[in-house]
Amino acid sequence: VIGDQDALYLSKTVACSVTAYDCLFEGKYDSVAAVGAAHTIKLHHCTINTLGPPTGDNPSRGVNCVLGTIWLFDNCEVNSQDGTVGQDTIGLSAGGTGNIIMVGGRIRTYNAAGTDLAVKNTGSGKIVLIGVDYDRTKTSNTGAGSIVDIARVVTDTAGNAYADVKLIKTIDADTALTAR
């Protein structure tokens, strides 16, 4: 899904649900976004590229969740760069009551002239990272919410690294309990 502005942008006031496997989402502003209602987006083994807006006063965000929950499973890759001077580049951005849970995968950001963050939380929700490869110096948590980083991964007999399923169930139960 390649968008001239955004790729997957849920903004309806009635909650929607999207599940996608092995997809590419590419946009210039927010490549994957949930705003307007408590949407649920579940992406499995997807690549999210944000190229940055060509002009204007807008940030470049790979994943932006203001309401609802966005799940990134099975080694998703988030790449964000900014196309305009002085604007923010953010890999994962949560605001409002939005939650982002990422299991495995990596986040890469690049911005030559503005703020460059892999993870930013300005809301009251949670960003939970389990076994994610990213630059831990590129984080900002200015809201009432939290950024939880669980670096523990398990390696199978073939040498493939993946997040511990017990941890995922614990995080899922914790999110369900605290959301009430």
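Residues numbered from 1 in each chain as written. Predicted model: local features only at pLDDT ≥ 70, side-chain atom pairs only at ≥ 80, totals over all residues. Heavy atoms only, no water.

Turning to unusual backbone geometry, a few remarks are in order. The phi dihedral of His45 is positive, around 50°, even though this residue is not glycine. Along the chain, His45 turns up in the loop between β5 (40-44) and β6 (47-50). With phi around 60°, Asn75 is a residue other than glycine that occupies positive phi space. Along the polypeptide, Asn75 turns up in the loop between β8 (69-73) and β9 (77-81). Asn75 sits in the partly exposed class, given a relative accessible area of 42%. (Helix = DSSP H or I, 4+ residues; strand = E, 2+ residues; numbered from the N terminus. Buried < 20%, exposed > 50% of the residue type's maximum accessible area, 1.4 Å probe, protein only.)

A separate point is the packing of aromatic side chains. Per the stated rule, a full pass over the model turns up one aromatic pair. Centre to centre, the rings of Trp71 and Phe73 are 5.4 Å apart; their planes meet at 20°, and the pair counts as stacked. Accessibility assignment for this pair places Trp71 and Phe73 in one class, buried. (Phe/Tyr/Trp six-rings, centres within 6.5 Å; stacked < 30°, edge-to-face > 60°.)

Secondary-structure assignment places Cys16 in the loop between β1 (8-10) and β2 (17-21). In this structure the C-alpha to C-alpha distance between Cys16 and Ile41, which are 25 residues apart in sequence, comes to 8.3 Å. What Cys16 contacts, discounting residues up to four positions off in sequence, is Leu10, His39 and Thr40. (Contact = heavy atoms within 4.5 Å.)

So yeah, pure geometry; function would need other evidence.
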